[in-house]
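Breakdown of the fold
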Amino acid sequence: MTLPPNPTAPHDAEERRHSEALLQLCKRLERAWTLSDVLDAVKPMGESVFDYRHVWLALIDESSGMLDFLTHTTSGEEGALSRQLQTMKIPVKGDALLEEIMQATHVVVVEDARTDPRTNKAVVAVLHNRTIVNVPLIMADQRMGALGMGTYGDEEGVRPPKPWQIALMQATAGHLAVALDRVRFMTARHEAEEALLQQKERLQVTLHSISDAVVTTDATGLVQYLNPAAQTLTGWSLSAACGRRHQDVLGLAPEPGTQVAPDLVGRALAQGSTQLHSKLRSTPLAGAPLLMDLSASPLLRPGGDADGVVLVFRDVTEASRLSREMEFQALHDTLTSLGNRRAFEHLLAQAFAATREASDRHCVCYLDLDNFKVINDTCGHAAGDELLRQVARLFLAHLQPQDLLCRLGGDEFGILLWQQDLQQTLKVAERMQQELAAFRFGWRDHVFSVSVSIGAVVLDAATESVGALLQAADSACYVAKDRGRNRIHVYAENDPALAQRYGVMEWVSRIEHALQHDRFELFGQPITRLGTRQGNPPHGLHCEILLRMRTADGQRVSPGEFMPAVERYHLAARVDRWVIKKALAWMAEHQERVELCCINLSGQSVGDAAFLSQVLQAMDQTPVRCDRLCFEITETAAMGDLAAANRFIHALRARGCQFALDDFGSGLSSYAYLRELAVDMLKIDGQFVKNMADDPVSFAMVKSIHEIGCLMGKKTVAEFAESQAVVDLLTGLGVHFAQGYALGRPAPLDELLLQTVVH
């Protein structure tokens, strides 16, 4: 995805000049061994790029709670500067500006120190400060202090930084923090020279002790060194491998279509950067073939030329096998080896998408075995499992290669009949019923007859969504069972039997009444920080906003009862508008005690341009901080109309709102769509979270989703954290947030806010 040009960025020539200045800063910082050196290194950057002659460091002394301000005084001619490091200590506590600087993660700008209410006017009167810019210095979550720049006196006047300068200042501060960390380290060690002399020896010890295999080669690809791990993995000793081609030592297999093993060294040298290779096939000197992940990095001399390459690799044979097994298990039913519900929904989504652009027509059947529980209860689960396997084979015999049969759970199956009309589908369903009726299942001394109820629905351009399609098929199957079992029922839009089954029309009336008379109520469930962050003082309430309906007799109704009717009869946008209006009003009243509120949106709302306009208008009319508002959308809602979803997301992100991708991992396309959606958080599907303490696959899925989220710079939230064991596992994985009964149950928003204040 190509980002639009930044209208505030400097021209290309200036960018190159600033990049060169940043590069030169890095080079000067490499030679900085004292605080004075660090100041000398950064001052040219302040003068030539930021146009600030005055540069200082403010370093925190945690033991005293003071800030040490370090600057230079200059005497003599410009050509012969004599510098003396000046220090000044100022207590942080009680100084509003310093307290803000020490808590900020962004650049803190004081346009005019004389008038800004945060400044210490007594200090300003002495120092004659005007514009003050402080950039936080943070290294590995450790706050060191700040890099300061600014103007003094009336001659220099007020000169706040431009946006591109602020971005460049932050980059400068990052390099500066690294240099300061090195200075502190070297000062504490008191043996810098000895440490440098022993660097080679320490490197050798490291290479011998690390678990990854390491091989170094010269520029021609001949091996110069192997660490013990590499010797074990390849089967070559150091003496035998030195001077041989790296392809031979690694046992690399020829590339597809060639008889030649890949030249990993040549590629790394040609590109001049680290090259990553995954799942390379290798045959060690002694042992079975294996797969390895390998990185090849040029060894650069100070002049920039490479005189060799370091190869770091590891055996991923077993990890690859487990990954394939996990992928299979994620998409298949372990009992029948058919696709599972997730695979079925994924392929239905593909078929649904195809009907949006063409006149394709498919049919979906929902099958439920009749009296399956009788066999289970009579003969045990082993008999039930064997019956399911035999029935699955029977059903498969009636399908074409392009058709799909999946086990959806229990004794329920789903069938997608590809490009078949309703008449063809009914013939297939009838043949299945007839053959199953003639089938007899024997288990030990028992013989059972088996039948199946089938619900059928057409998938074409008129189909609203995959969710509606499955609900329709399930509803039709229920009617078939309700009318005597061993029947086929075809879904129709206004089928009275279906309406009676779910009482949908009654719920529509209740929903309309609730919208008109404010019979909905806002609840919330807390979202809790995990890990070391739990020790941080809370910034306010962080929760997901939930919805309840109050009936005429005062009973609360959960959304599971009325939301199907909301979605089915296109009331979602109206309900979502009600929720947003009430939530914004409540947040505006309590926003000083609210950290973040998350609101679920339906796919219908996300794809509705009018709904977006109404949300923006509600924000304009309500004095609420948009950065404390997060909208949750499901990947199913997003993939229904990706372009509309992105328009919706970008419009609200421009206001400062955040976005979370809800139920992430529930669909096969999760990772593919993640790159296309500008979301801030991933909410890990609760079906994995709640079982992760007992199911290794669920644990691996949670771990994978969290790691991918971290790589993409997104926070992760685990849903359905229902036990302390699950919370402990999530904390160990580093998941950022969790919600569930183990951490807090849903409650009215005011009660939830009160609980947060009390705690």
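Quick look at the overall build of the protein now. Helix and strand content of the protein: 31 helices and 29 strands. Each of the 759 residues in the protein was classed as buried or not, and the buried ones make up 45%. The long-range share in the protein, meaning contacts at least 24 apart out of those at least 6 apart in sequence, stands at 61%. With the model as given, the accessible surface of the protein reaches about 38,300 Å², and the carbon-plus-sulfur share is 52%.

What follows deals with the pairing of strand β26 (residues 681–684). Put simply, side chains in a regular strand alternate between the two faces of the sheet. Of the two faces of β26, the one lined by Met 681 and Lys 683 and the one lined by Leu 682 and Ile 684 are each fully buried. Across three bridges, the pairing between strand β25 (residues 658–664) and β26 is parallel. Bridge pairing in β26 links Phe 664 to Ile 684. Across four bridges, β26 lies against strand β27 (residues 715–718) in parallel orientation. Within β27, the position partnered with Lys 683 by the bridge is Val 717.

Among the eleven residues of strand β6 (residues 142–152), eight are classified as buried, and the element is accordingly described as predominantly covered. Relative to β6, strand β1 (residues 54–61) is paired through six bridges, and the arrangement is antiparallel. The partner of Leu 57 across the bridge, within β6, is Leu 147. Pairing of strand β5 (residues 129–139) with β6 involves nine bridges; the strand directions are antiparallel. Within the sheet, the bridge partner assigned to Pro 136 lies in β6 and is Ala 146. Between β5 and β6, which follow one another and run antiparallel, lie two residues, and Ala 140 among them has a positive phi close to 55°.

The subject of this paragraph is the packing of helix α22 (residues 572–590) against helix α24 (residues 609–621). Running from N to C, α22 and α24 point in directions that differ by 10°, and their axes come no closer than 10 Å. Here α22 lies roughly parallel to α24, going by the angle between them. The segment α22 lies against α24, with Ala 573, Asp 576, Arg 577, Ile 580 and Leu 584 engaging Phe 611, Gln 614, Val 615, Ala 618 and Met 619. Its residues assigned to classes, the contact of α22 with α24 comprises seven nonpolar, one polar and two charged.

Our focus in this paragraph is the packing of aromatic side chains. All told, the structure shown has eight aromatic pairs when counted by the stated rule. With 5.6 Å between their ring centres and 85° between their planes, Phe 395 and Phe 413 make a pair best called edge-to-face. In this pair, Phe 395 is assigned in helix α16 (residues 381–396) and Phe 413 in strand β14 (residues 412–417), connecting sequence segments 18 residues apart. Ring geometry for Phe 631 against Phe 659: centres 5.7 Å apart, planes inclined by 40°, an arrangement best described as tilted. Placement of the pair is Phe 631 in strand β24 (residues 629–634) and Phe 659 in strand β25, with a sequence separation of 28 residues. As far as burial versus exposure is concerned, Phe 631 and Phe 659 are alike and both buried. Members of the aromatic cluster, joined through ring pairs, are Phe 611, Phe 631, Phe 648 and Phe 659. In this arrangement the basic side chain of Arg 356 is found over the ring face of Phe 352, its NZ or CZ atom lying 3.8 Å from the centre.

Once that is clear, we can look at the sheet that holds strand β13 (residues 404–409). Here we have five strands laid out as an open sheet, ordered β13-β14-β12-β17-β18, and mixed in their pairing. Across the chains shown, the open sheet's two edge strands, defined by having one partner strand only, are β13 and β18 (488–490). Sheet twist, expressed as the average angle between the axes of neighbouring strands with direction ignored, equals 20°. Pairing analysis gives nine bridges linking strand β12 (residues 362–370) to strand β17 (residues 451–459), with the strands arranged antiparallel. By the bridge assignment for β17, His 362 is matched with Leu 459. In the packing of helix α14 (residues 341–357) onto the sheet, contacts are made with β12, β13, β14 and β17, and the angle to β14 comes to roughly 25°.

Below, the discussion takes up empty space enclosed by the protein. Under the criterion given, the structure shown has one cavity of 30 Å³ or more. Taken together, Cys 365, Leu 367, Ile 415, Leu 417, Thr 425, Val 428, Ala 429, Met 432 and Ile 454 make up the full set of residues lining the largest cavity. Listing elements by their share of the lining of the largest cavity, those giving two or more residues are β12, β14 and α17 (422–438). Residue contributions to the lining of the largest cavity peak at four residues, all from α17.

Once that is clear, we can look at a nonpolar patch on the surface. A cluster of nonpolar side chains, Met 88, Val 126 and Leu 127, forms an exposed patch at the surface whose accessible area comes to about 240 Å². With respect to the secondary-structure elements, Leu 127 resides in helix α4 (residues 121–127). The class of Leu 127 is partly exposed, set by a relative accessible area of 30%.

The subject of this paragraph is the pattern of salt bridges. Applying the stated criterion across every chain, the model contains 31 salt bridges. For Glu 386, the salt bridge identified is with Arg 389, shortest N-O distance 3.2 Å. On the criterion of helical spacing, the pair formed by Glu 386 and Arg 389 is a turn pair, its members being three residues apart in helix α16. Assessed through its relative accessible area of 29%, Arg 389 is described here as partly exposed.

Looking now at the sheet that holds strand β8 (residues 223–226). Backbone-to-backbone hydrogen bonds join strands into a sheet, with any given pair of strands oriented parallel or antiparallel. Pairing is antiparallel across the open sheet formed by five strands, whose spatial order is β8-β7-β11-β10-β9. The sheet is open, and its two borders are formed by β8 and β9 (275–282), each paired with just one other strand. Averaged over all pairs of adjacent strands, the angle between strand axes in this sheet comes to 25°, irrespective of strand direction. Here strand β10 (residues 290–300) pairs with strand β11 (residues 306–315) via eight bridges, running antiparallel. Paired with Ala 296 across the strands is Leu 311, a residue of β11.

As for its position among the elements, Val 458 is in strand β17. With 93 residues separating them in the primary sequence, Val 458 and Cys 365 have C-alpha atoms 8.9 Å apart. If near-sequence neighbours (up to four positions away) are discounted, Val 458 is found in contact with Arg 361, His 362, Cys 363, Leu 422, Thr 463 and Leu 469.

So, about the side chain of Ser 453. Structurally, the position occupied by Ser 453 is in strand β17. Residue classification places Ser 453 among the buried positions, given a relative accessible area of 0%. One polar contact links Ser 453 to Asp 370, side chain to side chain, over a distance of 2.8 Å. A distance of 3.3 Å separates the side chain of Ser 453 from the backbone nitrogen of Asn 486, its partner in a polar contact.

Quick look at the confidence of the model for the protein now. Predicted coordinates in areas of low pLDDT are best not read in detail. Here the protein averages 84 in pLDDT, and 89% of its residues register 70 or above. Note on residues 74–83: pLDDT under 50 across the span, and eleven contacts to partners over four residues away in sequence or across chains.

Rules and cut-offs
- Residues numbered from 1 in each chain as written.
- Predicted model: local features only at pLDDT ≥ 70, side-chain atom pairs only at ≥ 80, totals over all residues.
- Heavy atoms only, no water.
- Helix = DSSP H or I, 4+ residues; strand = E, 2+ residues; numbered from the N terminus.
- Buried < 20%, exposed > 50% of the residue type's maximum accessible area, 1.4 Å probe, protein only.
- Contact = heavy atoms within 4.5 Å.
- Areas by Shrake-Rupley, 256 points an atom, 1.4 Å probe, with all protein chains shown as cover.
- Pairing = 2+ DSSP bridges.
- Axes fitted to C-alpha atoms, helices over the stretch in contact; angles between N-to-C directions.
- Parallel < 35°, antiparallel > 145°, perpendicular 65-115°, else oblique.
- Nonpolar A, V, L, I, M, F, W, Y, C, P; charged D, E, K, R; others polar.
- Phe/Tyr/Trp six-rings, centres within 6.5 Å; stacked < 30°, edge-to-face > 60°.
- Lys NZ or Arg CZ within 6 Å of the ring centre and 35° of its normal.
- 1 Å grid on protein atoms, 1.4 Å probe; cavity = no way out; pocket = protein on both sides within 12 Å on 5 of 7 lines; lining within 4 Å.
- Points joined across faces, edges and corners; volume = space filled by probe spheres on them.
- Patch = residues over 30% accessible without salt bridge, like charges linked within 9 Å, V, L, I, M, F, W, Y side chains within 5 Å.
- Salt bridge = Lys/Arg side-chain N within 4 Å of Asp/Glu carboxyl O.
- Polar contact = N/O pair within 3.5 Å; in protein donor to acceptor, adjacent residues only side chain to side chain.
- pLDDT = per-residue confidence, 0-100.

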